[in-house]
Amino acid sequence: LAISKDENMADAIVLPLENGAVSSDDMEKAIVKFYNITPEVVKPWMGIIAYANIGSQQSRLGGEGFYYLKQQVNVLPVDVKLDIENTYFLGGTLSQKMEHSDLHAYVDNNFIAIFEVTAAEASAGFKWSIVPGSVEGNATPAQCFGPSGDGTLALDAEGTITAPGRYRLVANMLEKTYTLSLAYEVLYTPGSGNGWSQANSMQLYTDDYATYFGFTRTGENGVASGEFKLCATLDNWDVNWGLNNGVLTPNGDNIVTAPAGMWWVKANLNGLSLQTLLLEKIGVIGLNGDWNNDIYLTPSADMLTWTGIITAEGDTEFKFRLNGGWDADLGGSVEKLVASGSNMPISAGTYEVTLDLTKVPYTCTLTAK
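Calculation notes
Residues numbered from 1 in each chain as written. Predicted model: local features only at pLDDT ≥ 70, side-chain atom pairs only at ≥ 80, totals over all residues. Heavy atoms only, no water. Phe/Tyr/Trp six-rings, centres within 6.5 Å; stacked < 30°, edge-to-face > 60°. Buried < 20%, exposed > 50% of the residue type's maximum accessible area, 1.4 Å probe, protein only. Helix = DSSP H or I, 4+ residues; strand = E, 2+ residues; numbered from the N terminus. Polar contact = N/O pair within 3.5 Å; in protein donor to acceptor, adjacent residues only side chain to side chain. Core = buried A, V, L, I, M, F, W, Y, C linked by side-chain atoms within 4.5 Å. Pairing = 2+ DSSP bridges. Axes fitted to C-alpha atoms, helices over the stretch in contact; angles between N-to-C directions. Contact = heavy atoms within 4.5 Å. Expected span 1.5 Å × (residues − 1). Arc of directions from axis to C-beta.

Caption draft 1: Up close: the packing of aromatic side chains. In total, this model carries 14 aromatic pairs according to the counting rule given. Where Phe 66 meets Tyr 68, the ring centres are 4.9 Å apart and the plane angle is 90°; that geometry is what we call edge-to-face. Residue Phe 66 is classed as partly exposed on the basis of its relative accessible area of 34%. For Tyr 68, a relative accessible area of 33% puts it in the partly exposed group. Here Phe 115 and Tyr 167 contribute two aromatic rings whose centre-to-centre distance is 6.0 Å and whose plane-to-plane angle is 20°, an arrangement assigned as stacked. Highlighted residues: Phe 115 in strand S9 (residues 110-117) and Tyr 167 in strand S14 (residues 165-172), separated in sequence by 52 residues.

Caption draft 2: Region of the structure containing the side chain of Thr 233. Inspection of the secondary structure assignment puts Thr 233 in the loop between strand S20 (230-231) and strand S21 (240-244). A residue is classified by how much of its surface remains accessible, and Thr 233, at 17% relative accessible area, is buried. Side-chain polar atoms of Thr 233 contact the backbone oxygen of Asn 236, separated by 2.8 Å.

Caption draft 3: How the structure looks around the nonpolar core. Ile 130, Leu 230 and Trp 241 are the most contacted members of the largest nonpolar core, which has 39 residues in total. If you list the elements that add at least two residues to this core, you get strand S7 (88-92), S9, strand S10 (126-132), S14, strand S15 (177-182) and strand S24 (262-268). Counting residues per element, this core draws most heavily on S9, at 4 residues. The next biggest cluster of nonpolar side chains, apart from the first, holds 36 residues, and it includes Val 186, Leu 287, Met 303 and Ala 328.

Caption draft 4: Structural detail: the pairing of strand S26 (residues 282-285). Where burial is concerned, the two faces of S26 agree: the one with Ile 282 and Val 284 and the one with Gly 283 and Ile 285 are both buried. Sheet analysis places S26 next to strand S30 (residues 316-322), joined by 4 bridges and oriented antiparallel. Looking across to S30, one finds that Ile 285 is bridged to Lys 319. Pairing analysis gives 2 bridges linking S26 to strand S27 (residues 295-296), with the strands arranged antiparallel.

Caption draft 5: Quick look at the sheet that holds strand S29 (residues 305-312). Ordered by their spatial adjacency, 4 strands build an open sheet running S28-S29-S34-S35, and the pairing between neighbours is antiparallel. Looking at the sheet topology across the chains shown, the edges are occupied by strand S28 (298-299) and strand S35 (363-368). Sheet topology note: the S29/strand S34 (residues 349-356) ladder contains 8 bridges and is antiparallel. Pairing of Ile 309 across the sheet is with Glu 352, part of S34.

Caption draft 6: Focus on the sheet that holds S14. Strand order in the open sheet formed by 3 strands is S9-S14-S15, and the pairing between neighbours is antiparallel. Edge positions in the open sheet fall to S9 and S15, since each of these has one partner strand only. Neighbour to neighbour, the strand axes of the sheet diverge by 15° on average, direction disregarded. Summarising the sheet, S9 and S14 pair through 8 bridges and their orientation is antiparallel. Considered in S14, the bridge of Phe 115 is made with Tyr 167.

Caption draft 7: Expanded view of the pairing of S29. Covered by surrounding structure in S29 are Trp 306, Gly 308, Ile 310 and Ala 312 only, the residues Thr 305, Thr 307, Ile 309 and Thr 311 on the alternate face being uncovered. Inspection of the sheet shows S28 paired to S29 by 2 bridges, in the antiparallel sense. Residue pairing in the sheet places Thr 298 in a bridge with Thr 307 of S29. Between S28 and the antiparallel strand that follows it, S29, lie 5 residues; Met 303 among them carries a positive phi value of about 65°.

Caption draft 8: Representation of the side chain of Asp 294 within the structure. Relative to the elements of secondary structure, Asp 294 occurs in the loop between S26 and S27. What makes Asp 294 buried here is its relative accessible area of 15%. There is a polar contact of 2.8 Å between the side chain of Asp 294 and the side chain of Arg 321. With residues up to four places along the chain from it excluded, the contact list for Asp 294 reads Gly 283, Val 284, Ile 285, Arg 321 and Gly 324.

Caption draft 9: Quick look at unusual backbone geometry. With an omega of 0°, the peptide bond running from Ala 258 to Pro 259 counts as cis. Along the polypeptide, Pro 259 turns up in the loop between strand S23 (255-257) and S24. Looking along the chain, the bond that leaves Val 360 and enters Pro 361 is cis, with omega of -5°. For Pro 361, the location among the structural elements is in the loop between S34 and S35. Despite not being glycine, Asp 156 shows a phi value in the positive range, around 60°. Mapping Asp 156 onto the fold places it in the loop between strand S12 (153-155) and strand S13 (159-161). Residue Asp 156 is classed as exposed on the basis of its relative accessible area, which comes to 53%. One non-glycine residue with positive phi stands out, namely Ser 340, at about 55°. Mapped onto the secondary structure, Ser 340 falls in the loop between strand S32 (336-339) and strand S33 (344-346).

Caption draft 10: Examining helix H1 (residues 24-35) more closely. Taking 1.5 Å as the rise per residue, H1 with 12 residues should run 16 Å; its terminal C-alpha atoms sit 16 Å apart, in good agreement. Along H1, the positions that sit buried rather than exposed are Ala 30, Ile 31, Phe 34 and Tyr 35. An end-on view of H1 places all buried positions within 100° of arc, on one side of the element. Across from the buried face of H1, at angles greater than 90 degrees, the exposed residues are Glu 28, Lys 29 and Lys 33. Looking at the buried positions of H1, the neighbouring elements they touch are strand S1 (2-4) and strand S2 (13-14). A distance of 3.2 Å separates the backbone nitrogen of Asp 25 from a side-chain oxygen at the start of H1, and that oxygen is part of Ser 23. In the stretch just after H1, Asn 36 is the one whose phi turns positive, near 60°.

Note that every value here comes from positions in space, so none of it alone points to a role or purpose.
In structure tokens:
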């Protein structure tokens, strides 16, 4: 018996038939492999593979790719009743439904809440817990989960946040673990290159609310040094970081760059680490399988737009990297470039490539020549 998620029986799992039946254990493993452990109706394709043995020779009846009685079958897995619900709420100082994907909670165990803690709420002690959807509205503390140390959750516990900011809570409600981190869409880089103005500064981008990356200008090229800070707030300095003894520190010292110029910045707000790199050149790397030699792009006067001509000899991949090394690179997709992102596909042809650093997320365009 062959089982597959696909009508064409691609990647089919073949189970032995004995007396017209398959092992229930074998069937369960196949269903779990294709559909995880979701207790919902799934619809695999099944078909019989038959062989004829003539002496020592074995032949498949109907030829390769032929299946007897091939059909789509409804299978309803038994609910194993794992200790997880389909809906959770953030409770405490506020009440907010936690976000979740379209997957069943057995498959995707993570529930997410992004929320603001005001200065007044932080001063009073912002309280948080996780409320199961089955008791939302009339829950008791004994039915709610809160932090119990070492990133774990326990019943009848409550967390307290004492610093203002925007936070992201990710709770694995099957494993009963959590991570709580700051969650700003962008970080501003006010400093000596923009009049210490958040609004006039370049921004750092994130795709995980932990690592922020991008460029900032700390002054004109040739100036001996420049300074900047990271700031999460646009109109004030309520939430900002500097650098003390190599560690990102709230309200810390100005971050010094020597010389001034356009600098790559990568900051981790969870690990409180910072990487800076003076931008000298940007190249396309990986084209036609060449991961050693960059095709360098030409910058605009303000170094915010980089262009060049590249030729793909066939279907291939590429990325952008800085200064001919792997200290910093950009990949992912042409619509949203991210730090250390995946290789980007490109079809055969000659293109004008334009890398746009004027806003985040960074993008690039490929214009056929």
